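These are the residues of each chain, in order.
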Amino acid sequence: MSTMGNEASYPAEMCSHFDNDEIKRLGRSFKKLDLDKSGSLSVEEFMSLPELRHNPLVQRVIDVFDTDGNGEVDFKEFIRGASQFSVKSDEEQKLRFAFSIYDMDKDGYISNGELFQVLKMMVGNNLKDWQLQQLVDKTIIILDKDGDGKISFEEFSAVVRDLEIHKKLVLLM
């Protein structure tokens, strides 16, 4: 094992998606991104990747990876987050990751406001707020099968699973 933190002590379930070589490669990627050598990645360090620089959802991805909520992603969080994109990761994990991008307050539901905020990040000023709100309202009405005014993971999955988005959420090592 490399000298990256205490890699060898990570729980087996965390590393089940990657073999030792893949973890070493992820460790090298992490070190390259960790420009200030702090042992964790800031938003700015993630943004140093050209492929992420213009991604409107990068902040949401970081928020999902950052399980302790300190605003940065340490190596353990990085591995755990990256494992969701592993070819060995199952459909359920990928759907849960996609769902968590929208479930900003982590209450297990996507509210009207959360859907609006995430879609606003994606469309920017290409739609007026009232147009976006109409789209959000219609989406909630269509997906909300139990009529509680919000989208549960089950309701989200029922639609997204058919789109096979989980097959596109793959990180090739």
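What you see is a predicted model, and the numbers here were worked out from it, not measured in a lab.

A. Highlighting the pattern of salt bridges. On inspection of all chains with the given rule, the structure shows three salt bridges. The closest approach of N and O atoms between Asp63 and Arg60, which form a salt bridge, is 3.1 Å. Of this pair, Asp63 and Arg60 both sit in helix 5 (residues 58-65), separated by three residues, roughly a single helical turn. A residue is classified by how much of its surface remains accessible, and Asp63, at 27% relative accessible area, is partly exposed. Among the residues examined, Arg60 registers a relative accessible area of 4% and is labelled buried. Close ionic contact of Asp129 with Lys120 constitutes a salt bridge, the shortest N to O distance being 2.8 Å. Given the relative accessible area of 42%, Asp129 is considered partly exposed.

B. Representation of the environment of Thr67 in the model. With respect to the helices and strands, the residue Thr67 is situated in the loop between helix 5 and strand 2 (73-74). On the basis of relative accessibility, which here comes to 51%, the residue Thr67 falls in the exposed class. Spatially, the C-alpha atom of Thr67 lies 6.7 Å from that of Glu77, the residues being 10 residues apart in sequence. For Thr67, the contacting residues outside a window of four places in its chain are Glu77 and Arg80.

C. Structural view of the packing of helix 2 (residues 20-33) against helix 6 (residues 75-83). Running from N to C, helix 2 and helix 6 point in directions that differ by 125°, and their axes come no closer than 11 Å. When the axes of helix 2 and helix 6 are compared, the pair comes out oblique. For the pair helix 2 and helix 6, the sense of crossing is right-handed. Facing helix 2, whose interface residues are Ile23, Leu26, Gly27, Phe30 and Leu33, helix 6 presents Phe75, Phe78, Ile79 and Ala82. Residue composition of the contact of helix 2 with helix 6, by class: eight nonpolar, one polar and no charged.

D. Up close: helix 9 (residues 129-143). The end-to-end C-alpha distance of helix 9 is 21 Å, a good match for the 21 Å that 15 residues give at a rise of 1.5 Å each. Within helix 9 the residues assigned to the buried category are Leu132, Val136, Ile140 and Leu143. Around the axis of helix 9, the buried residues are gathered within 80° of arc, so they sit on the same side. Exposed residues lying more than 90 degrees from the buried face of helix 9 are Trp130, Lys138, Ile141 and Ile142. At its buried positions, helix 9 is contacted by strand 3 (109-110), helix 8 (112-123), strand 4 (151-152) and helix 10 (153-163).

E. Region of the structure containing the nonpolar core. Counting 38 residues, the largest nonpolar core has Phe78, Tyr102, Leu115 and Phe156 as the members making the most contacts within it. Contributing elements (two or more residues each) for this core: helix 2, helix 3 (43-47), helix 5, helix 6, helix 7 (91-102), helix 8, helix 9 and helix 10. The element that contributes the greatest number of residues to this core is helix 7, accounting for six residues. Each of domain 1 (18-84) and domain 2 (101-172) gives at least three residues to this core.

Cut-offs used in this document
Residues numbered from 1 in each chain as written. Predicted model: local features only at pLDDT ≥ 70, side-chain atom pairs only at ≥ 80, totals over all residues. Heavy atoms only, no water. Salt bridge = Lys/Arg side-chain N within 4 Å of Asp/Glu carboxyl O. Helix = DSSP H or I, 4+ residues; strand = E, 2+ residues; numbered from the N terminus. Buried < 20%, exposed > 50% of the residue type's maximum accessible area, 1.4 Å probe, protein only. Contact = heavy atoms within 4.5 Å. Axes fitted to C-alpha atoms, helices over the stretch in contact; angles between N-to-C directions. Parallel < 35°, antiparallel > 145°, perpendicular 65-115°, else oblique. Left-handed = near helix turned anticlockwise from the far one by under 90°. Nonpolar A, V, L, I, M, F, W, Y, C, P; charged D, E, K, R; others polar. Expected span 1.5 Å × (residues − 1). Arc of directions from axis to C-beta. Core = buried A, V, L, I, M, F, W, Y, C linked by side-chain atoms within 4.5 Å. Domains from an automatic or database assignment.

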